[in-house]
Amino acid sequence: MTKPGNFTTAAYIVFRCLDTADGSAYIKQQYFGLNYEKGRILLAHYYTEPSHTFGEYLLVPGYSSTECFPANVSLRTPLVKFHRDEESALTMNIPLTSAIMQAVSNDTMAIALAKQGGVSFIYGSQSIEEEAAMVSRVKNYKSGFVSSDSNISPNTTLGGVLDLLAKTGHSTMAVTEDGSANGKLVGIVTSRDYRVSRMSLDTEVATFMTPFEKLVWADADATTLTQANDLIWERKLNMLPLIDKNQRLRYMVFRKDYTDNKENELELTDSNKSYIVGAGINTRDYAERVPALIAAGVDVLCIDSSEGFSEWQRLTIQHIREEFGDSVKVGAGNVVDGEGFRFLANAGADFIKVGIGGGSICITRETKGIGRGQATALIDVCAERDKYFKETGVYIPICSDGGIVYDYHMTLALAMGADFLMLGRYFSRFDESPTDRVMVNGTYYKEYWGEGSNRARNWQRYDLGGNKKLSFEEGVDSYVPYAGPLKENVETTLSKIRSTMCNCGALSLPEFRDKAKLTLVSSTSIVEGGAHDVILRDKLGRD
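Thresholds applied
Each chain has its residues counted from 1, following the order in which its sequence is written. In keeping with the model being predicted, local features are shown solely for residues with a pLDDT of at least 70 and side-chain atom pairs are shown and tallied solely at 80 or more, while totals for entire chains, interfaces and linings include all residues. As a convention, hydrogens and water are excluded, and side-chain values are obtained from all of the structure's heavy atoms. Put simply, DSSP H or I for four residues or longer makes a helix, DSSP E for two residues or longer makes a strand, and each gets a number counted from the N terminus. Three labels apply to residues, based on accessible area from a 1.4 Å probe with only protein chains included: buried if under 20% of the type maximum, exposed if over 50%, partly exposed otherwise in between. Working rule for contacts: check all heavy atoms of both residues, and any pair within 4.5 Å makes them a contact. To be clear on the numbers: accessible area is Shrake-Rupley with a 1.4 Å probe, and residue cover counts the displayed protein chains and nothing else. Confidence of the predictor at the level of single residues is given by pLDDT, which spans 0 to 100. Axis definition: a line fitted to C-alpha atoms, over the contacting stretch in the case of helices. Angles run 0 to 180 degrees between N-to-C directions. Note on terminology: angles under 35 degrees are roughly parallel, angles over 145 are roughly antiparallel, angles of 65 to 115 are roughly perpendicular, and the others are oblique. If you view the pair so one helix is near and one far, a crossing is left-handed when the near helix is turned anticlockwise from the far one by less than a right angle, and right-handed when it is turned clockwise. Side-chain classes are defined by residue name, with Ala, Val, Leu, Ile, Met, Phe, Trp, Tyr, Cys and Pro counting as nonpolar, Asp, Glu, Lys and Arg as charged, and the others, Gly among them, as polar. Excluding any residue in a salt bridge, patches collect residues exceeding 30% relative accessible area, merging like charges within 9 Å and nonpolar Val, Leu, Ile, Met, Phe, Trp and Tyr side chains within 5 Å. We define a salt bridge as a side-chain nitrogen of Lys or Arg found within 4 Å of a carboxyl oxygen belonging to Asp or Glu. We define the nonpolar core as a collection of buried residues of types Ala, Val, Leu, Ile, Met, Phe, Trp, Tyr and Cys that are connected through side-chain atoms lying within 4.5 Å of one another. Two strands qualify as a pair provided DSSP detects at least 2 bridges between them. Aromatic rings from Phe, Tyr and Trp, with only the six-membered ring used for Trp, were paired whenever their centres fell within 6.5 Å, and each pair was classed as stacked if the ring planes differed by under 30 degrees, edge-to-face if by over 60, and tilted otherwise.

Would you mind showing me how to read the overall build of the chain here?
Assigned secondary structure in the chain consists of 17 helices and 26 strands. Considering the chain as a whole, with its 543 residues, one finds that 50% of them fall into the buried category. A separation of at least 24 residues holds for 63% of the contacts in the chain among residues at least 6 apart in sequence. Of the roughly 27,000 Å² of accessible surface on the chain, a fraction of 49% belongs to carbon and sulfur atoms.

Would you mind showing me how to read the confidence of the model for the chain here?
Parts of the prediction with low pLDDT should not have their coordinates interpreted in detail. Per-residue pLDDT for the chain has a mean of 87; in total, 86% of the residues score no lower than 70. Below pLDDT 50 for its whole length, residues 1–34 participates in 43 contacts with residues either more than four positions away or in separate chains.

Honestly, the packing of helix H9 (residues 338–347) against helix H11 (residues 374–392) in this entry has me stumped. Any pointers?
For any two helices packed against each other, one specifies the inter-axial angle together with the distance between the axes. Interhelical geometry of H9 versus H11 gives an angle of 45° and a closest axis separation of 8 Å. By the angle class used here, H9 and H11 are oblique. The handedness of the crossing between H9 and H11 is right-handed. Contacts between H9 and H11 involve Gly338, Phe341, Arg342, Ala345 and Asn346 on the former and, on the latter, Asp380, Val381, Glu384, Arg385, Lys387, Tyr388 and Glu391. Its residues assigned to classes, the contact of H9 with H11 shows four nonpolar, two polar and six charged.

How should a nonpolar patch on the surface be read in this particular structure?
A surface patch of nonpolar side chains, amounting to about 400 Å² of accessible area, comprises Leu58, Val405, Tyr406 and Tyr408. The class of tyrosine 406 is exposed, set by a relative accessible area of 52%.

Would you take a moment to explain the nonpolar core for this structure?
Nonpolar side chains in soluble globular proteins tend to be buried together. If you look at the biggest cluster of nonpolar residues, it comprises 103 residues, and the most contacted ones within it are Leu301 and Phe427. Ignoring any residue separated from it by four or fewer positions in sequence, one finds leucine 301 in contact with Phe121, Ala279, Ile281, Val290, Leu293, Ile320, Val328, Lys329, Val330, Gly331 and Phe351. Residues Val161, Leu164, Val186 and Val205 belong to the second largest nonpolar core, which totals 12 residues.

Mind showing me how you'd approach the sheet that holds strand E15 (residues 249–254) here?
Hydrogen bonds between backbone atoms are what pair the strands of a sheet, whose relative direction is either parallel or antiparallel. On the basis of which strands lie adjacent, the open sheet formed by three strands has the order E13-E14-E15 and mixed pairing. The open sheet has two edge strands with one neighbour each: strand E13 (218–219) and E15. In this sheet, E15 lies alongside strand E14 (residues 239–243) in antiparallel orientation, the contact comprising five bridges. In the sheet register, leucine 240 faces E15, and the bridge partner there is valine 253. Against the sheet, helix H5 (residues 225–234) engages E13, E14 and E15, with an angle of about 60° to E15.

Looking at this structure, I do not really get the sheet that holds strand E19 (residues 352–354). What am I missing?
On the basis of which strands lie adjacent, the closed barrel formed by eight strands has the order E7-E8-E16-E17-E18-E19-E21-E22 and parallel pairing. Taken over all neighbouring pairs, the strand axes of this sheet differ in orientation by 30° on average, direction set aside. For strand E18 (residues 330–335) and E19, the ladder comprises two bridges, and the chain directions are parallel. The partner of valine 335 across the bridge, within E19, is valine 354. Along the sheet face, helix H2 (residues 107–116) touches strand E7 (96–98) and strand E8 (119–122) and points at about 165° away from the line of E8. Across the sheet, helix H7 (residues 286–296) lies against strand E16 (278–281) and strand E17 (300–303), angled at about 170° from E16, the strand it touches most.

Would you take a moment to explain the pattern of salt bridges for this structure?
In a structure, side chains of opposite charge can pair up when their charged atoms sit close to one another. Overall, the coordinates contain 19 salt bridges when judged by the stated rule. As a salt-bridge pair, glutamate 384 and arginine 342 come within 2.6 Å of each other at their nearest N and O atoms. Of this pair, glutamate 384 sits in helix H11 while arginine 342 sits in helix H9; the two residues are 42 residues apart in sequence, bridging distant segments of the chain. Across the pair aspartate 407 and lysine 496 runs a salt bridge, and its minimum N-O distance is 3.1 Å. Note that aspartate 407 is positioned in helix H12 (residues 407–415) and lysine 496 in helix H14 (residues 486–503), a separation of 89 residues in sequence. Classification of lysine 496 by relative accessible area gives partly exposed; the value is 43%. Linked through salt bridges whose partners overlap, the residues forming this network are Arg385, Asp386, Asp419 and Arg513.

What's the story with the packing of aromatic side chains in this structure? I'm lost.
Given two aromatic rings, their pairing is described by the distance between the two centres and the angle made by the two planes. Evaluation of the coordinates by the stated rule reveals 14 aromatic pairs. Here tyrosine 194 and phenylalanine 208 contribute two aromatic rings whose centre-to-centre distance is 6.0 Å and whose plane-to-plane angle is 70°, an arrangement assigned as edge-to-face. Of this pair, tyrosine 194 sits in the loop between strand E11 (185–189) and strand E12 (210–211) while phenylalanine 208 is found in the loop between E11 and E12, placing the two residues 14 residues apart along the sequence. The two residues tyrosine 194 and phenylalanine 208 agree in class, both being buried.

Next up, the structure:
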């Protein structure tokens, strides 16, 4: 066999491969630059079909019975794996989680999302102590009995009160002898106790607080939540302090929490009525971070990594299983094919995230050439999930992470097999995200940056071993249009999902996946699907 004179080595390889039925070639000698093994040329694997995004699909309507109306639709979905004929240890009331990002998920976001029935994963690109403190604030925010996080002493000045108000946003403050959360209660300060315009900022709290003698309080060891709420309503209180036999403050019960309970029927709480919260971890300091998060009360963990098909993730999960058993729930990812799913499933992951390079602030694909169209990746992984379930009887929930541009993309992801979604840009737009709201050219925006950006410098997320640094950016620093409060926006999104499910004749997510019919659409069909051949009124600038 001789090499044709006008062909380079690479061209010759292609020429020979095209000559064979199975796409490979056999050679009797080694040419310079040619990789081979036992006489077989080694070439990359090529997928025969292009990968697709959510925007290239539509759902085809199915039969809808008289029972198919949005109020009857349940969006409950498992968060962690479970065996056949068993219930998942953690179940969400809506299929939405917030991304493990500095610009998205802090304790404020976690509380707001849990009220609607979802779970927030607090970002791990901060110190262990700071992340654990955020988890603790979520768990203590509402179990009915709340540990006070706004505490002052009688010697605190009005200026100190205003500083604490700006920091916590809480106008009700416990006055204890030593200014601690569990000190001897001597009074309460609320916004009704002072007037900034008529008082000096040097005025001490002792002169204007409501003293203990005038407070209505209850015994912390003998009062149930129902009794506390009854007392609040009977005495027309906004807050009821609960103290021990030594007058030390133990808890506070707020009227607004009772109201929230009635307004948020889907809120997600544990057996102690505390909100469910997740937290992100990395593959470097997990031996120290995980115990701290568990001590703070975290309900579920997730390894935050741009690419999860790695030995580092297996070792992280292995450590958690050896130290804490199966009681500590941990998700892993991200992967984009069935092989990656199998690896993490065998490693012991409780849920698996799908998606590389599809996030709105992610530039992994253009910097590294790594990734896959989100829809194709999700379909592939979910097929492997179902195969794994049939083989083992263990169902591992799939989280679709990235690729969402419009609300209907969420519905498509659920139809394709995702059990729930992880969203960054979507939640970053809301009041509850931790970033600043800024005005640009008369329009309000929220800041939003990727974990792989120079601003976040979350090198652990992209860690492949070696130096502890972010060698190059895989994310951008940006703005997103401000959208207002989370509650209203999430309710609108869920209304769209429920409505579409009814169009497909489904009243639950499992039924939706079973009945959904999906079709690829042409570029012309995509144009046809929006407003066309008209001039929109708001484009003319007329009243």
